[in-house]
Amino acid sequence: MKVFVVGAGVMGSGIGQVFAMAGNQVTLYDVREDALRKAREGIAWSLNKLREKGVVKDPEETLGRISFSNSLECGGSDLVIEAVFEDLKVKGEVLREVSAKTKGVIATNTSSLPITELSTFVKRPERFLGMHFFNPPVLMKLVEVIRGEKTSDETFQFGLRVVSSLGKYPLPVRKDVFGFVVNRVLFRLFTAGCSLLALYTPEQIDYVAMNRLGMPMGLIMLLDYTGLDVNYNIAKEASRRGFEFQCPPLEERVKQGKLGAKSGEGFYNWSRGRPDIRAEGGPDPSILLEPAVKEALWLVREGVVEEEELERGVELGLGMKKGIFKLARELGVLS
Ligand SMILES: NC(=O)c1ccc[n+]([C@@H]2O[C@H](COP(=O)([O-])OP(=O)(O)OC[C@H]3O[C@@H](n4cnc5c(N)ncnc54)[C@H](O)[C@@H]3O)[C@@H](O)[C@H]2O)c1
């Protein structure tokens, strides 16, 4: 298959690499030459690491399947994946241009913009869908495949098949809801964690998230790690689109210039690297989990996703040891 990836940043370069590793012919396009150079270096480095682990046989051959281009000549592609900045205007312009050049399927890797809204920029909205890869695409086994209101059944099924062909799990998101599935669940966990900051320390909350909910990193630490400014912007966008994701302590810190790991301080001090979590007397885990369970139930009831799919998606996307429903039953949140 011929795949054209627009935007060679963190996600675009990873997505291009994944497609090349699965034997596809890939063109990676960016407007910035330095982004293309960095992408080539990053992919070459990663392929060599994967050879050491026995995952990739011939890094040179795999890299040879990727062309790095500053020309948006995507005609003849079977699939175009848009992975530019998370900005409606930028994405709109790119999609309009791409759609004038290809009759192939177009997918967006957006994490928070509605697929249906983005589909207004393309000529054939029935051949448009969401393909939400997780970071880093090479290592994360999950891809949410999102059906917009106008996506045809054929395009949706094509998206699911393509993701399977990459050796990843395609999580079918049958309705275009804000944040899709895994992030909606995560935002509910964040909101619960944030509200408990009035009563507990970040360490106490994170200790429970890691040791009782089986998360690989504590919730408050994850906010710091992914960037408080990034999460603050997502929270604002979420509220604007009718999904309440509030965290006043987050806003306070952003206003003080504390942006998390990247600025050296957020809820934690990162000056000596990733903080150690040792704490006693944290919250009851069911209080942390309950809003996420309600969200998961809503997603299933609304026909967005099926229970087993959601379980698998949360395990793979959030790295949780158990699915949300299983955990909820064990903790007595669900009977
Ligand atoms: N970073 C993550 O953790 C993550 C996870 C899932 C989804 N996403 C989504 O993936 C998309 C890309 O995010 P990212 O983290 O890779 O961003 P990034 O900033 O690393 O990369 C974006 C790239 O797009 C390029 N670009 C911008 N405008 C362009 C244009 N008009 N034409 C061609 N290239 C253009 C930039 O030069 C840059 O190289 C966003 O929609 C984001 O929401 C990100």
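About the criteria used
Residues numbered from 1 in each chain as written. Predicted model: local features only at pLDDT ≥ 70, side-chain atom pairs only at ≥ 80, totals over all residues. Helix = DSSP H or I, 4+ residues; strand = E, 2+ residues; numbered from the N terminus. Rg over C-alpha atoms; globule rule 2.2 N^0.38 Å. Buried ≥ 20, exposed ≤ 12 C-beta atoms within 10 Å, placed from the backbone. Contact = placed C-beta atoms within 7 Å. UniProt positions renumbered as here; feature names shortened; annotations may be inferred. Pairing = 2+ DSSP bridges. Right-handed = clockwise from strand over helix to strand, strands pointing away. Axes fitted to C-alpha atoms, helices over the stretch in contact; angles between N-to-C directions. Parallel < 35°, antiparallel > 145°, perpendicular 65-115°, else oblique. Domains from an automatic or database assignment. Nonpolar A, V, L, I, M, F, W, Y, C, P; charged D, E, K, R; others polar. Near = placed C-beta within 6 Å. Expected span 1.5 Å × (residues − 1).

A. Region of interest: the overall build of the protein. Tallying secondary structure elements over the protein gives 14 helices and eight strands in all. Relative to its length of 335 residues, the protein is compact, with a C-alpha radius of gyration of 20 Å against a globular reference of 20 Å. Projected onto the principal axes, the alpha-carbon positions of the protein cover approximately 60 × 45 × 40 Å. Scored against the burial criterion, the 335 residues of the protein give a buried share of 45%. Restricting to contacts in the protein with at least 6 residues of sequence separation, those with at least 24 account for 66%.

B. Quick peek at the UniProt feature "site: Important for catalytic activity" (unreviewed entry) in the protein. Mapped onto this numbering, the UniProt entry annotates "site: Important for catalytic activity" (unreviewed entry) at His132. Examined against the element boundaries, His132 turns out to sit in strand β6 (residues 128-133).

C. Summary view of the pairing of strand β2 (residues 25-29). Among the five residues of β2, four are classified as buried, and the element is accordingly described as predominantly covered. Where strand β1 (residues 2-6) and β2 come together, five bridges link them in parallel fashion. Among the inter-strand pairings, Phe4 is bridged to a residue of β2, identified as Thr27. Once you follow β1 into helix α1 (residues 10-21) and on to β2, the crossover reads as right-handed. Strand direction decides the pairing type here: β2 and strand β3 (residues 66-69), joined by four bridges, are parallel. Residue pairing across strands places Thr27 opposite Ser67, the latter belonging to β3.

D. Molecular detail of the packing of helix α7 (residues 182-195) against helix α13 (residues 307-318). Following both chains from N to C, one finds α7 and α13 inclined at 70°, their axes separated by 9 Å at the closest point. The pairing of α7 with α13 is recorded here as roughly perpendicular in orientation. The residues of α13 that touch α7, namely those facing Val182, Val185 and Leu186, are Gly313, Val314, Gly317 and Leu318.

E. Looking closely at the domain arrangement of the protein. Segmenting the protein into domains produces domain 1 (2-173) and domain 2 (182-330). Computed from C-alpha coordinates alone, the two centres of domain 1 and domain 2 are separated by 27 Å. At the level of secondary structure, the elements contributing two or more residues to the side of domain 1 that touches domain 2 comprise β7 (142-146) and β8 (169-173). Per-element tally for the side of domain 1 that touches domain 2: the top contributor is β8, with four residues. Looking at side-chain class alone, the side of domain 1 that touches domain 2 contains six nonpolar, two polar and two charged residues.

F. A look at the sheet that holds strand β4 (residues 79-82). Taken together, the eight strands give an open sheet; going across it, the order is β3-β2-β1-β4-β5-β6-β7-β8, and neighbouring strands pair in mixed fashion. The outermost strands of the open sheet, each flanked by one partner alone, are β3 and β8. On average, each strand axis in the sheet is tilted by 25° relative to the strand beside it, whichever way the strands run. Together, β1, β2, β3, β4 and β6 form the strand contacts of α1, whose direction differs from that of β2 by roughly 170°. Helix α4 (residues 88-101) contacts β1, β4 and β5 (105-108) of the sheet and is inclined by roughly 170° relative to β4.

G. Structural context of the site of the ligand. Around the ligand, a shell composed of 22 residues is seen, among which Gly7, Gly9, Met11, Glu86 and Asn135 lie nearest. Of all the elements in the fold, those that place two or more residues in the shell around the ligand are α1 and α4.

H. Highlighting the environment of Leu79. Here Leu79 lies in strand β4. Here the alpha-carbon distance between Leu79 and Gly323, two residues 244 residues apart in the chain, equals 32 Å. Setting aside chain neighbours within four positions, we find Leu79 in contact with Met1, Val3, Gly104, Val105, Ala107 and Val162.

I. Quick look at the environment of Arg312. Considering the arrangement of structural elements, one finds Arg312 in helix α13. Measuring from C-alpha to C-alpha, the distance between Arg312 and Lys322 comes to 8.6 Å, with 10 residues separating the pair along the chain.

J. Layout of α1. The first and last C-alpha atoms of α1 sit 17 Å apart over 12 residues, in line with the 16 Å expected at 1.5 Å per residue. With respect to burial, α1 is a largely interior element, 11 of its 12 residues being buried. Residues Met11, Gly12, Ser13, Gly14, Ile15, Gly16, Gln17, Val18, Phe19, Ala20 and Met21 constitute the buried set of α1. Following α1 by one or two positions, Gly23 adopts a phi angle in the positive range, close to 95°.

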